[in-house]
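So you can see what is in the structure, the chains are spelled out below.
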Amino acid sequence: MSLELAVAAALFTGVIAYALLGGADFGSGFYDLTAGGSRRGAELRTQVDHSLGPVWEANHVWLIYVLVVWWTGFPASFASTMSTLIFPMLFALLGIVLRGAAFAFRKYSGSLRQAQLFGAVFAASSLITPFFLGAAAGAIASGRVPAEGRGDVWGSWLTATSFFGGAIAVGTCAFLAGVFLVADAARAGRTHLVAQLRTRTLGVGAVTGLVVFAALVPLHEDAPTLWVGLSGRALPLVLLSAAAGAATLWLLWVGRHSVARLTALVAVAAVVSGWGIGQYPWLLVDEVTLTDAAGAPATLAALLVAVGIAGAVVLPALAYLFSLTQSEKWADAGH
């Protein structure tokens, strides 16, 4: 494997990890938003706070990792992407900042009105951030980001592909979050909440599936290079994602919540991987390949060493954190 391909693989591993962990994080905002009034939605919002509390900051490690690996390993493409997609990236960043602040301040609000305000900010920014990240991905996938310099800062992402990319990102995050929340509520013995969340998650999954199929129409015309890749070498991953998503819906329906989490992770990881393989060998579709965009070999080699060291230090700690949050002791603490 060449150095640039190894760095690209490390980069995309971070993208998948952020889609899975950060996606479940962001998607919880949908259920917070639709929980109902202060009294009726209290139990669901408490579950959201309990599930997110230990991990919401840790999940953003993957976004930082992706950005650092990208600008170090493929600097020119990073510069052109951030220059061209400055607005969706700024909107996504604003959403991340507001979301984190609101999530923290809601717990220490001095009045119900303040808690409602911070809760609304948390929920809204949880939807805004994945939408604009998905819109940015759509701009790259449709070949609207140049290899160098700045492209059209508005026209690059105000397109059908970017719109569907944002909508799919929001729906996928909400579906993933719902599956995790159902399992957490079941482990805590909250039977009524399990039924409520399961119904909503099944609805979100069905709607997201319809949006994905609807996106195939503009994708064929608006992003032909990606379409060829998705209908060719990435097709097995696309089919795997569809099968895993359908299996997740069935498992939720029959009450196999723990297994449903695994199939949901497979569904999201497969569709994100399909995107990456579908546009290979392009880094910026129709503009620059991975090989041409890569930095100096010495830089790439040093970057891989740094990634290895970071993985050895960070991954065990993250694994321990997640294992604690999935333990019976942590579930009991949520009552």
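Residues numbered from 1 in each chain as written. Predicted model: local features only at pLDDT ≥ 70, side-chain atom pairs only at ≥ 80, totals over all residues. Heavy atoms only, no water.

1. A closer look at the overall build of the protein
Consideration 1: Per the secondary structure count, the protein includes 14 helices and two strands.
Consideration 2: In terms of overall size, the protein behaves like a compact globule, its C-alpha atoms giving a radius of gyration of 20 Å where 335 residues would be expected to give roughly 20 Å.
Consideration 3: Here the C-alpha coordinates of the protein stretch approximately 55 × 40 × 35 Å along the principal axes.
Consideration 4: Counting across all 335 residues of the protein, residues that qualify as buried make up 47%.
Consideration 5: A total of about 15200 Å² of accessible surface is found on the protein, and carbon and sulfur atoms cover 73% of it.
Consideration 6: In the protein, 17 positive and 16 negative side-chain charges are present, and the distance between their average locations comes to 15 Å. (Helix = DSSP H or I, 4+ residues; strand = E, 2+ residues; numbered from the N terminus. Rg over C-alpha atoms; globule rule 2.2 N^0.38 Å. Buried < 20%, exposed > 50% of the residue type's maximum accessible area, 1.4 Å probe, protein only. Areas by Shrake-Rupley, 256 points an atom, 1.4 Å probe, with all protein chains shown as cover. Lys, Arg positive; Asp, Glu negative; His and termini not counted. Charge placed at Lys NZ, Arg CZ, Asp CG, Glu CD.)

2. Considering helix α4 (residues 75–84)
Consideration 1: Three or more residues of α4 are buried, namely Ser77, Phe78, Ser80, Thr81, Met82 and Thr84.
Consideration 2: Each element contacted by the buried residues of α4 is listed here: α3 (61–73), α5 (86–106), α6 (112–141), β1 (282–284) and α12 (290–293). (Contact = heavy atoms within 4.5 Å.)

3. Re the confidence of the model for the protein
Consideration 1: Taken as a whole, the protein shows an average pLDDT of 88; of its residues, 96% reach a score of 70 or greater.
Consideration 2: Looking at the elements of the protein, mean pLDDT is at its lowest for helix α14 (residues 328–333), recorded as 53, and at its highest for α4, recorded as 96. (pLDDT = per-residue confidence, 0-100.)

4. Focus on the environment of Ala177
Consideration 1: Tracing the sequence through the fold places Ala177 in helix α7 (residues 160–187).
Consideration 2: What makes Ala177 buried here is its relative accessible area of 1%.
Consideration 3: Spatially, the C-alpha atoms of Ala177 and Ile128 are 16 Å apart, while their sequence positions differ by 49 residues.
Consideration 4: Residues contacting Ala177, with those up to four places away along its chain left out, are Ala24, Gly27, Ser28 and Tyr31.

5. Notes on the nonpolar core
Consideration 1: In this structure, Tyr65, Val69, Trp70, Phe74 and Leu85 are the most contacted members of the largest nonpolar core, which totals 38 residues.
Consideration 2: If you list the elements that add at least two residues to this core, you get α1 (3–33), α3, α4, α5, α6, β1, α12 and α13 (297–325).
Consideration 3: Contacts of Trp70, omitting those with residues within four sequence positions, involve Leu11, Pro75, Ser77, Phe78, Thr81, Met82, Ile140 and Leu283.
Consideration 4: Within the second largest apolar cluster, 31 residues are counted, among which are Leu181, Val182, Ala264 and Val272. (Core = buried A, V, L, I, M, F, W, Y, C linked by side-chain atoms within 4.5 Å.)

6. Considerations on unusual backbone geometry
Consideration 1: Omega for the bond connecting Tyr280 with Pro281 falls within 30 degrees of zero, at 10 degrees, which places this linkage in the cis form.
Consideration 2: Position of Pro281 among the secondary structure elements: in the loop between α11 (257–279) and β1.

7. Examining the packing of helix α10 (residues 235–254) against α11
Consideration 1: Across the interface, α10 lies against α11 with an axial gap of 8 Å and an inter-helix angle of 160 degrees. Taken together, α10 and α11 sit at an angle that is classed as roughly antiparallel. Crossing angle aside, the handedness with which α10 passes α11 is left-handed. The segment α10 lies against α11, with Leu237, Leu240, Ser241, Ala244, Gly245, Ala247, Thr248, Leu251 and Leu252 engaging His257, Val259, Ala260, Thr263, Ala264, Val266, Ala267, Ala270, Val271, Ser273, Gly274 and Ile277.
Consideration 2: In terms of residue class, the contact of α10 with α11 is made up of 14 nonpolar, seven polar and no charged. (Axes fitted to C-alpha atoms, helices over the stretch in contact; angles between N-to-C directions. Parallel < 35°, antiparallel > 145°, perpendicular 65-115°, else oblique. Left-handed = near helix turned anticlockwise from the far one by under 90°. Nonpolar A, V, L, I, M, F, W, Y, C, P; charged D, E, K, R; others polar.)

8. Focus on a nonpolar patch on the surface
Consideration 1: Taken together, the side chains of Leu90, Phe91, Leu93, Val97, Ile128, Trp154 and Leu158 define a hydrophobic patch exposed on the protein surface, amounting to about 640 Å² of accessible area.
Consideration 2: It is α5 that contributes the most residues to the nonpolar patch, four residues altogether.
Consideration 3: Considering the arrangement of structural elements, one finds Leu93 in helix α5.
Consideration 4: Leu93 sits in the partly exposed class, given a relative accessible area of 47%. (Patch = residues over 30% accessible without salt bridge, like charges linked within 9 Å, V, L, I, M, F, W, Y side chains within 5 Å. Salt bridge = Lys/Arg side-chain N within 4 Å of Asp/Glu carboxyl O.)

9. Examining the packing of aromatic side chains
The geometry of an aromatic ring pair is captured by the separation of the ring centres together with the interplanar angle, meaning the angle of the planes.
Consideration 1: A complete count under the given rule lists 17 aromatic pairs for this structure.
Consideration 2: Considering the side-chain rings of Tyr18 and Phe26, the 6.2 Å spacing of their centres and the 85 degrees angle between planes classify their relative orientation as edge-to-face.
Consideration 3: Taking the relative accessible area as the measure of exposure, Tyr18 reaches 9% and is therefore buried.
Consideration 4: Look at Phe26 and you get buried, because its relative accessible area is 2%.
Consideration 5: When the ring of Phe131 is compared with that of Phe163, the centres are 6.4 Å apart and the planes differ by 70 degrees; the resulting orientation is edge-to-face. Separated by 32 residues along the polypeptide, Phe131 in helix α6 and Phe163 in helix α7 bring together distant segments of the chain.
Consideration 6: For Phe131, a relative accessible area of 23% puts it in the partly exposed group.
Consideration 7: Members of the aromatic cluster, connected to one another through ring pairs, are Phe87, Phe91, Phe131, Phe132, Trp154, Trp157, Phe163 and Phe164. (Phe/Tyr/Trp six-rings, centres within 6.5 Å; stacked < 30°, edge-to-face > 60°.)

10. Observations concerning the side chain of Asp32
Consideration 1: Relative to the helices and strands, Asp32 resides in helix α1.
Consideration 2: There is a polar contact of 2.8 Å between the side chain of Asp32 and the side chain of Arg106. (Polar contact = N/O pair within 3.5 Å; in protein donor to acceptor, adjacent residues only side chain to side chain.)

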